[in-house]
Amino acid sequence: MRNDLTSISVFSMAISFVAAIVVCMQVGQAEALPGWKMPEAILWSLEVAIFGVAVLAWQPQVSLVGWVIGIGALSVLRSAVGLAAAVTLVAVQDAGPLFPAIDQMSQLAPRLCAALFALMVFYPLRVLLPVKPLERSTDRKRFATGAAATAGEPGSEENGSGLMIMAASGAAKASSAEAAPWAEAEGQYLPSASVKGTIEVPLSVLLAELPQELVTDRAAEHDESELVSIPMNVVVRQLREAQIVVTLDDCYDWLPSGVMGSPGEFAVSDEGAASVILPLELVVPQLPPEVFELPPPSPPAWAQAEVDESVVFATTQESGG
Amino acid sequence: MASINYALKEISCKIVYYGPGMCGKTTNLQHIHEHTVAGKRGNMVSLATPGERTLFFDFLPLEAAQVHGFRTKFQLYTVPGQVMYNSTRKLVLRGVDGVIFVCDSQWEKMRENVASFRNLQENLAAYSYSLATTPYVVQYNKRDLPNIAPVQYMQYAINPVQVPSFEAIAIRGEGVFDALSTICGLVLAQIEHKQRQEAGVT
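Now for a quick tour of the structure. (Residues numbered from 1 in each chain as written. Chains lettered and ligands numbered in written order. Predicted model: local features only at pLDDT ≥ 70, side-chain atom pairs only at ≥ 80, totals over all residues. Heavy atoms only, no water.)

1. Considerations on the overall build of chain A
Part 1: Secondary structure summary: chain A contains 11 helices and 7 strands in total.
Part 2: In chain A, which comprises 321 residues, the proportion classed as buried is 41%.
Part 3: Partitioning the contacts of chain A with sequence separation of at least 6, the portion at a separation of at least 24 is 81%.
Part 4: In the structure as shown, chain A presents an accessible area of about 16400 Å², 61% of it carried by carbon and sulfur atoms. (Helix = DSSP H or I, 4+ residues; strand = E, 2+ residues; numbered from the N terminus. Buried < 20%, exposed > 50% of the residue type's maximum accessible area, 1.4 Å probe, protein only. Contact = heavy atoms within 4.5 Å. Areas by Shrake-Rupley, 256 points an atom, 1.4 Å probe, with all protein chains shown as cover.)

Listed below in structure tokens is the structure:
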């Protein structure tokens, strides 16, 4: 479930805000509640205390920054309600100049009223307050072994009913607060470009990929099965793109002399023609396994959650999976 | 966005099958539809071209057994894989709770797999979602074909963070329910975690 604001919550916030204005206006005017003067410092302290307790009650995991933001936002909201009530009072009931109306709304009763409504208005926004990061689970074994799990391993089928069951136990330990480090880490899985050595690609493959204007007659003198060496670092740094692109200048350097015309003399009309794509299926199998070694798993926070109850689907017996 | 109806004791979640064109997303859904007990699933809605390409999306409502006493319903969607239907893909991702990223294991589809995965990240970002907060699993489909890339390379290119992944032959149903059960479990765990967090239970 997401914490995003829904249209319903935005609507309820708007309704609460309008109600706050109306009620504060009435309370501020009520003769039964005369403007009982209290020192401003006490009013503010009371207000901050109410807001502080409310934020902590809503979100016990709130960080210090989140707590301060919450109190600040609620104070601003309370002031906005008071100001809006004052403006409305002046506009609707012709209550004279604005400043006395604002002062009227700053007294204890309307102010407490505005504070309570500010809490109501702010309630749907509480989920946006920053929370403290939880401790990361040290048990990552499941995901180390889970990588590239073969089909059929995680599930089992009961004989009679054909129910497929995923078994797991434990409590959820995920934390969305840990999402950012994972997202940043994703970019770190780039291979080292300092890999040494070469791979071999058949000459015929490269010639087929080159613009035919650049292939000279001397190419026919070479055996098609002849191999061309390509530095491995050129290939490895592009592996995650799943496309190995080399420039015509590079091809000129790697190919046997005279087979290819100088790329400088070739007028490039199409941008794609200025480069050559090497077939992955020829390149990847030649690379040493260590090139594909990944660092220890660093799954996102949600992936560290332990599923604490089975998810069962009623399947027919020949479900295959 | 998962919805929890406490009155009916019902949880409803949205799972999206994402991946490049012709990778087997609809095949996954068809297998699930054909091999689930009729009373526990709804009709599969599919809008496809005569060439069996998904035009808009496929939809299959599915019910699992009770979890914590709640009926759990999953709405399974696929997206159209073709590049030109990006606005539809984005639309289908709205309110997603979990993603099964289906890869085509053939060498010539590697680039499309990577491009589709990035497209998924971009489209999630349009809703301020991300793969760091949205559960997903990776399914390496079509493992029965001759011209396929090794899983080690596919992990390296598509799944370097090593979320749960599965080899699959969707047309035979192999790996289909494994991926589905795993993502459903992760989605429910995520919901439970958020509920606990909102309730202030550590």
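2. Brief notes about helix H1 (residues 7-29) of chain A
Residues and elements named next belong to chain A.
Part 1: The terminal C-alpha atoms of H1, which comprises 23 residues, lie 33 Å apart, in line with the 33 Å expected from a rise of 1.5 Å per residue.
Part 2: The set of residues buried in H1 consists of Ser9, Met13, Ser16, Ala20, Ile21, Cys24, Met25, Val27 and Gly28.
Part 3: Tucked inside the fold, the buried residues of H1 contact helix H3 (64-93), helix H4 (98-105) and helix H5 (108-122). (Expected span 1.5 Å × (residues − 1).)

3. A look at a nonpolar patch on the surface
Part 1: Nonpolar side chains collect at one region of the surface, where Val18, Val22 and Val23 of chain A lie side by side and expose about 220 Å² of accessible area between them.
Part 2: If you trace the backbone, Val18 of chain A turns up in helix H1. (Patch = residues over 30% accessible without salt bridge, like charges linked within 9 Å, V, L, I, M, F, W, Y side chains within 5 Å. Salt bridge = Lys/Arg side-chain N within 4 Å of Asp/Glu carboxyl O.)

4. Side note on the pairing of strand S2 (residues 10-18) of chain B
Two faces, one strand: in a regular strand the side chains alternate between the faces of the sheet.
All names here are of chain B.
Part 1: For S2, the buried fraction is high: 9 of the 9 residues fall into the buried class.
Part 2: Covered by surrounding structure in S2 are Glu10, Ser12, Lys14, Val16 and Tyr18 together with Ile11, Cys13, Ile15 and Tyr17, the residues of both alternating faces.
Part 3: The sheet contact formed by strand S1 (residues 3-5) and S2 spans 3 bridges and is antiparallel. Each residue of the ladder has a partner; that of Ile4, found in S2, is Ile11.
Part 4: Linking S1 to S2, which pair antiparallel, is a turn of 4 residues; within it Lys9 sits at a positive phi near 55 degrees.
Part 5: Looking at chain direction, S2 and strand S5 (residues 70-78) are connected through 8 bridges and run parallel. Among the inter-strand pairings, Ser12 is bridged to a residue of S5, identified as Lys73.
Part 6: Pairing analysis gives 4 bridges linking S2 to strand S6 (residues 98-104), with the strands arranged parallel. Within the sheet, the bridge partner assigned to Tyr17 lies in S6 and is Ile100. (Pairing = 2+ DSSP bridges.)

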